[in-house]
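Residues per chain, in single letters:
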Amino acid sequence: MKKVSSFFTLVLVILLSISVEKAEAQSMGKQTVAMMEESPAGSKIIRFIKAVNKGEPVSEEFIKTIFHEDLIAKAGLGRLKEIMENEIPQNDGKLTVYLMKRTERYKFEIFVKGSKSNEWLKMEFLHKGANPYRIVSMGLDAIDNAPEGVDKPIKLD
């Protein structure tokens with residue numbers, strides 16, 4: 001009986017290590033919408049961009065579901081709401097996504113073009129490395145040219 005349980009334990013360990021390797025290999029680099037939505041961290045970025053593009057007020061509860069408490073404490077709920085509801089829509093308009101990349105385990109780069117500004121923007125999102133993987137830091141920078149690998153817009157809906 002002991003040999004059988006040891007064998008099953010070994011098989012289970014091998015299967016788990018294969019699954020982890022496959023998940024890690026699939027998660028780095030260029031991302032599809034499906035990959036982003038499947039990822040607990042990536043799905044928060046998609047929700048962020050969709051909320052900005054709706055141009056409607058966002059609730060404090062929504063803010064708390066996508067942003068980590070450390071960022072909320074540092075920036076404030078009101079400031080994060082202001083960024084999503086007013087600053088990005090007024091300055092850049094709707095964000096059209098062209099490229100999504102995972103550069104590190106908890107770091108993403110999203111390249112968008114603003115409908116009002118007609119500028120290329122690089123958005124960086126860093127997530128807390130623990131469930132529920134909320135956004136702990138984000139940045140938004142104008143860039144001069146389209147990043148390498150940009151082809152056509154990515155539909156998020």
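Residues numbered from 1 in each chain as written. Predicted model: local features only at pLDDT ≥ 70, side-chain atom pairs only at ≥ 80, totals over all residues. Heavy atoms only, no water.

## Looking at the packing of aromatic side chains
Step number 1: In this structure the tally under the stated criterion is four aromatic pairs.
Step number 2: Look at Phe48 and Phe67: their rings are 6.0 Å apart centre to centre, the planes differ by 85°, and that puts the pair in the edge-to-face class. With Phe48 in helix α3 (residues 40-54) and Phe67 in the loop between α4 (60-66) and α5 (69-75), this residue pair connects regions lying 19 residues apart in the sequence.
Step number 3: Relative accessible area serves as the criterion here: at 1%, Phe67 is assigned to the buried category.
Step number 4: Consider the rings of Phe48 and Phe125, whose centres lie 5.5 Å apart with planes at 70°: the pair is edge-to-face. Separated by 77 residues along the polypeptide, Phe48 in helix α3 and Phe125 in strand β4 (residues 120-127) bring together distant segments of the chain.
Step number 5: Assessed through its relative accessible area of 1%, Phe48 is described here as buried.
Step number 6: Through a chain of ring-to-ring contacts, three or more aromatic side chains come together here, namely Phe48, Phe67 and Phe125. (Phe/Tyr/Trp six-rings, centres within 6.5 Å; stacked < 30°, edge-to-face > 60°. Helix = DSSP H or I, 4+ residues; strand = E, 2+ residues; numbered from the N terminus. Buried < 20%, exposed > 50% of the residue type's maximum accessible area, 1.4 Å probe, protein only.)

## Considerations on the confidence of the model for the protein
Atom-level detail of predicted coordinates should not be read off regions where pLDDT is low.
Step number 1: Residues with a pLDDT of 70 or more make up 83% of the protein, whose mean pLDDT is 86.
Step number 2: Note on residues 6-13: pLDDT is under 50 here. Beyond four places in sequence and across chains, it has zero contacts. (pLDDT = per-residue confidence, 0-100. Contact = heavy atoms within 4.5 Å.)

## Notes on the side chain of Arg102
Step number 1: Note on placement: Arg102 falls in strand β2 (residues 95-104).
Step number 2: When its relative accessible area of 11% is taken as the criterion, Arg102 is described as buried.
Step number 3: A distance of 3.2 Å separates polar atoms of two side chains, one belonging to Arg102 and the other to Ser39. (Polar contact = N/O pair within 3.5 Å; in protein donor to acceptor, adjacent residues only side chain to side chain.)

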